[in-house]
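# A structural walkthrough
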Amino acid sequence: MQEKEISRFLRVLIRMGGALKNCGAEIYRVEDTLNRIAKAYGAQEANVLVITSSIVVTLTMPENEPLTQTLRLRKGGSTDLLLLEQLNDLSRKICAAPPSVQEFERRLDEVLHNRPDPHLFLLGSILGASASTVFFGGTLADAALAGCIAVLICLMQQKLAGFFMNQIEFQFVASFIGGAAVFLMCELLPMLHADKVIIGDIMLLIPGMMLTNSIGDILLGDVISGSIRLIEAVMLAASLALGIMAAIILMQGVIF
């Protein structure tokens, strides 16, 4: 490879790492994937450093000086297992039969721009909230209300999340609005159970995947990244609890 092509390859490679990290991949998965792709393209040495907010890759190609690029990850992104699987599939194909750098970039762009139907996300939110409500002892009427509130939460995630400074702020607002709506509906319809409905709906906001990945990162030796993720997951869970508590306090005069 010429130096210009190596620079382009490095840029595509680091974009691949950023996409993996932002859709919920573990730190070791991102580093291992980038190392494997670099070796498939003939790199003599590939040094990859990934933390929650940055990716640094240094490549040494035959007969060329080492090149380094850094990608700043300004947003953590949301867990997207479908995109993660598509990126993993792409990486396996790239390692098995490395195409040209241009073709690699084209395939990556195709995966990143091929987004799923948002209606499927809405349907999944409704089913998840309703099923969780029934699982924790709610009635079918409770499940129906949980599904309606899930629509509200899903629309906020899709339309309003970008207007907040960070995920913690959005988590508080979403849980507060969702909790207030649940208590208001349960006051109007006494046969409903507010606690069961809230349990079902907060399942949509609990950072379970982030918490699981943080523990996995720590156990695999990525202590810094795992600790940062763990702190973020705890703060998200705390903001979720504070939002529900704020809704209870606000609606206390109505429901008690």
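One structure accompanies this document, and this report is about it. Quantities reported herein were computed from a predicted structural model and do not represent experimental measurements.

So, how was this worked out
- In this numbering scheme, every chain counts its residues from 1 along its sequence in written order.
- Restriction of local features to residues with pLDDT of at least 70 applies here, the model being predicted, together with a cutoff of 80 or more for giving and counting side-chain atom pairs; totals for whole chains, interfaces and linings are based on all residues.
- Excluded from the side-chain calculations are hydrogens and water; all other atoms, namely the structure's heavy atoms, are used.
- Counting from the N terminus, the helices are the DSSP runs of H or I reaching at least four residues and the strands are the DSSP runs of E reaching at least two.
- Remark: exposure states derive from per-residue accessible area (1.4 Å probe, protein chains only) relative to the maximum for the residue type, with buried under 20%, exposed over 50%, and partly exposed in between.
- The criterion used for residue contact is that any of the two residues' heavy atoms lie within 4.5 Å.
- What makes a nonpolar core is a set of buried Ala, Val, Leu, Ile, Met, Phe, Trp, Tyr and Cys residues whose side-chain atoms join them at distances within 4.5 Å.
- When DSSP finds two or more bridges between a pair of strands, those strands are recorded as paired.
- Note on geometry: axes are C-alpha line fits, over the in-contact stretch for helices, and angles between N-to-C directions span 0 to 180 degrees.
- An angle below 35 degrees is read as roughly parallel, one above 145 as roughly antiparallel, one from 65 to 115 as roughly perpendicular, and any other as oblique.
- We call a crossing left-handed when the near helix sits turned anticlockwise from the far one by less than a right angle, and right-handed when that turn is clockwise.
- Two aromatic rings, drawn from Phe, Tyr or Trp (for Trp, its six-membered ring), form a pair once their centres lie within 6.5 Å of each other, and the interplanar angle then sorts them: stacked below 30 degrees, edge-to-face above 60, tilted otherwise.

### Some remarks on the overall build of the protein chain
- Helix and strand counts for the protein chain come out as 10 helices and 3 strands.
- Along the protein chain, from the amino end to the carboxyl end, the secondary structure elements read α-α-β-β-β-α-α-α-α-α-α-α-α.
- Overall, the C-alpha framework of the protein chain stretches about 75 × 35 × 30 Å when taken along its three principal axes.
- When burial is assessed residue by residue, the protein chain has 39% of its 256 residues classed as buried.
- The long-range share in the protein chain, meaning contacts at least 24 apart out of those at least 6 apart in sequence, stands at 64%.

### Remarks on the nonpolar core
- Core analysis: the biggest nonpolar cluster contains 35 residues, and Val57, Leu59 and Leu87 have the highest contact counts within it.
- Only α1 (3-22), α2 (27-40), β1 (45-51), β2 (54-60), α3 (81-96) and α4 (101-113) provide two or more residues apiece to this core.
- Contact partners of leucine 87, with chain neighbours within four places excluded, come to Met16, Ala19, Leu20, Cys23, Leu108, Val111 and Leu112.
- Judged by nonpolar contacts, the second largest core, of 22 residues, contains Ala146, Ala150, Ile153 and Met251.

### Observations regarding the sheet that holds strand β3 (residues 67-72)
- Taken in spatial order, the 3 strands make up an open sheet running β1-β2-β3, and their pairing is antiparallel. The sheet is open, and its two borders are formed by β1 and β3, each paired with just one other strand. Between one strand axis and the next, the sheet turns through 10° on average, direction left out of account.
- As defined by bridge partners, β2 adjoins β3 across 6 bridges and the pair is classed as antiparallel. Across the sheet, the residue bridging to isoleucine 55 is leucine 71, located in β3.
- The sheet strands contacting α1 are β1, β2 and β3, and the helix crosses β3 at an angle near 30°.
- Most of the contacts of α2 go to β1, to which it runs at about 160°, and overall it touches β1 and β2.

### Quick look at unusual backbone geometry
- Positive phi is not limited to glycine here, since glutamate 63 has a value of about 65°.
- Here glutamate 63 lies in the loop between β2 and β3.
- Residue glutamate 63 is classed as exposed on the basis of its relative accessible area of 83%.

### What about the packing of helix α5 (residues 118-135) against helix α8 (residues 194-202)?
- Relative orientation of the contacting elements α5 and α8 amounts to 135°, with a least axis distance of 7 Å. When the axis of α5 is compared with that of α8, the two are oblique. Crossing hand, α5 versus α8: right-handed. Two secondary-structure elements touch here, α5 through Ala129, Ser132 and Thr133 and α8 through Lys196, Val197, Gly200 and Asp201.

### Describing the packing of aromatic side chains
- Tallied over the full model, the rule gives 6 aromatic pairs.
- Both rings, one in phenylalanine 164 and one in phenylalanine 170, keep their centres 5.5 Å apart while their planes meet at 65°; by these two values the pair is edge-to-face.
- Judged by its relative accessible area of 2%, phenylalanine 170 falls in the buried class.
- Their ring planes at 10° and their centres at 6.5 Å tell us that phenylalanine 172 and phenylalanine 176 sit as a pair that is stacked. One end of the pair is phenylalanine 172 and the other is phenylalanine 176, both in helix α7 (residues 167-188) and 4 residues apart, which spans about a single turn.
- A residue is classified by how much of its surface remains accessible, and phenylalanine 176, at 25% relative accessible area, is partly exposed.

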